[in-house]
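Residue-level structure breakdown
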Amino acid sequence: MSEMIHAVPTASKAIAVTFDDGPNAEYTRKTADMFNAVGGKATFFMIGEKIEAHPDFVRDIHDEGHEIGNHSYSHPFLTRISGDEAFAELARTDKLIEQATGIRTAVFRAPYLDSNDETLAIADRFGYSSIGALNLDTRDWEMPGTDHILAQTWDHVRGGAILLFHDGSGDRSQTMEAIRILLDKLTSEGYELVTVSELLSRRSR
Ligand SMILES: [Zn+2]
């Protein structure tokens, strides 16, 4: 069975920066704009019920070259509901992403990273890679301060890293400021900002 992937062994100086809980008309747009400005790509793990409300917006983000991942339909703790319910959560959002973008996604992140063998097996049935991240202590959704978000991220910056932030649910201004500083530093250090699927394709053999 697949395992949750927090980083990809690769010789490539590339990082996948990911954002959970959108789409959000304000912050997802701002985030994509910041990546577009430096020629980078981001991955957005989106919630189905929010995709349903903004399918055209989701298509725009996809058309700009960013990746849309499955983050369930209603953001439950998947290990606390039945297997059938968990399957339905993923299936509904799989369909919504395909309807909005024209393609099926290959990446999934469990809400709250709450996952067990059954969750991983369900993700496998969709052909998904289950994606985690290295910087899980930023707690950026709690507005701990831009400095804290960055301090908890720097140690994990290396080729193959997957980083997690939030562009949905509440005031994300600290995250936006952190991303502005992060992108500035990563690009000046020569890192390539790629989608999760692109990073996975560069796995060392
Ligand atoms: Zn989430």
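Residues numbered from 1 in each chain as written. Predicted model: local features only at pLDDT ≥ 70, side-chain atom pairs only at ≥ 80, totals over all residues. Heavy atoms only, no water.

An unreviewed UniProt entry annotates the protein chain as Polysaccharide deacetylase family protein of Paenibacillus glycinis.

Before going further, it helps to spend a moment on the coordination of the zinc ion. Within the protein, the zinc ion binds to Asp 21 (OD), His 71 (NE2) and His 75 (NE2); these donor distances fall in the range 2.0 to 2.1 Å. Written as a sequence motif, the donor residues of the zinc ion are D-x49-H-x3-H. Note that Asp 21 is positioned in strand 1 (residues 14-22) and His 71 in the loop between strand 3 (67-70) and helix 4 (83-101), a separation of 50 residues in sequence. By relative accessible area, Asp 21 is classed as buried at 9%. With a relative accessible area of 1%, His 71 lands in the buried category. (Donors = N, O, S within 2.8 Å, 3.2 Å for Na, K, Ca; no water. Helix = DSSP H or I, 4+ residues; strand = E, 2+ residues; numbered from the N terminus. Buried < 20%, exposed > 50% of the residue type's maximum accessible area, 1.4 Å probe, protein only.)

Right, let's talk about helix 5 (residues 117-125) for a bit. In an α-helix, one turn spans 3.6 residues; hence positions three or four apart end up facing the same way. Residues of helix 5 that are buried include every one of Thr 119, Leu 120, Ile 122 and Ala 123, and no others. For helix 5, the angular spread of buried residues about the axis comes to 160 degrees, placing them on one side. Across from the buried face of helix 5, at angles greater than 90 degrees, the exposed residues are Asp 117 and Arg 125. Residues of helix 5 that are buried make contact with helix 4, strand 4 (107-108) and strand 5 (129-130). The residue sitting at the N-terminus of helix 5 and contributing the capping side-chain oxygen is Asn 116; that oxygen lies 3.0 Å from the backbone nitrogen of Glu 118. (Arc of directions from axis to C-beta. Contact = heavy atoms within 4.5 Å. Polar contact = N/O pair within 3.5 Å; in protein donor to acceptor, adjacent residues only side chain to side chain.)

A word on the packing of aromatic side chains. If you walk through the whole model with that rule in mind, you get seven aromatic pairs. With centroids separated by 5.8 Å and ring planes inclined at 85 degrees, the aromatic side chains of Phe 19 and Phe 35 adopt a geometry described as edge-to-face. Of the two residues, Phe 19 is situated in strand 1 and Phe 35 in helix 1 (residues 27-37); the sequence distance between them amounts to 16 residues. Judged by relative accessible area, Phe 19 falls into the buried class, the value being 0%. On the basis of relative accessibility, which here comes to 0%, the residue Phe 35 falls in the buried class. With 5.3 Å between their ring centres and 15 degrees between their planes, Phe 126 and Tyr 128 make a pair best called stacked. Of the residues examined, Phe 126 reaches a relative accessible area of 11% and is grouped as buried. Classification of Tyr 128 by relative accessible area gives buried; the value is 3%. Every member of this aromatic cluster is reached through a ring pair, and the members are Phe 19, Phe 35, Phe 44 and Phe 165. Its end group placed over the ring of Tyr 191, Lys 13 keeps NZ or CZ at 4.8 Å from the ring centre. (Phe/Tyr/Trp six-rings, centres within 6.5 Å; stacked < 30°, edge-to-face > 60°. Lys NZ or Arg CZ within 6 Å of the ring centre and 35° of its normal.)

Scanning the model with the defined rule gives 11 salt bridges in all. For Glu 142, the salt bridge is made with Arg 139, and the minimal N-O distance between the two is 3.0 Å. With relative accessibility at 45%, the residue Glu 142 sits in the partly exposed group. Overall, the relative accessible area of 37% leaves Arg 139 in the partly exposed class. Taking the shortest distance from any N to any O, the salt bridge between Arg 202 and Glu 192 comes out at 2.9 Å. Here Arg 202 is found in the segment after helix 8 (196-201), whereas its partner Glu 192 is found in strand 7 (residues 192-193), with 10 residues between them in sequence. Classification of Arg 202 by relative accessible area gives partly exposed; the value is 22%. You can call Glu 192 partly exposed: its relative accessible area is 38%. (Salt bridge = Lys/Arg side-chain N within 4 Å of Asp/Glu carboxyl O.)

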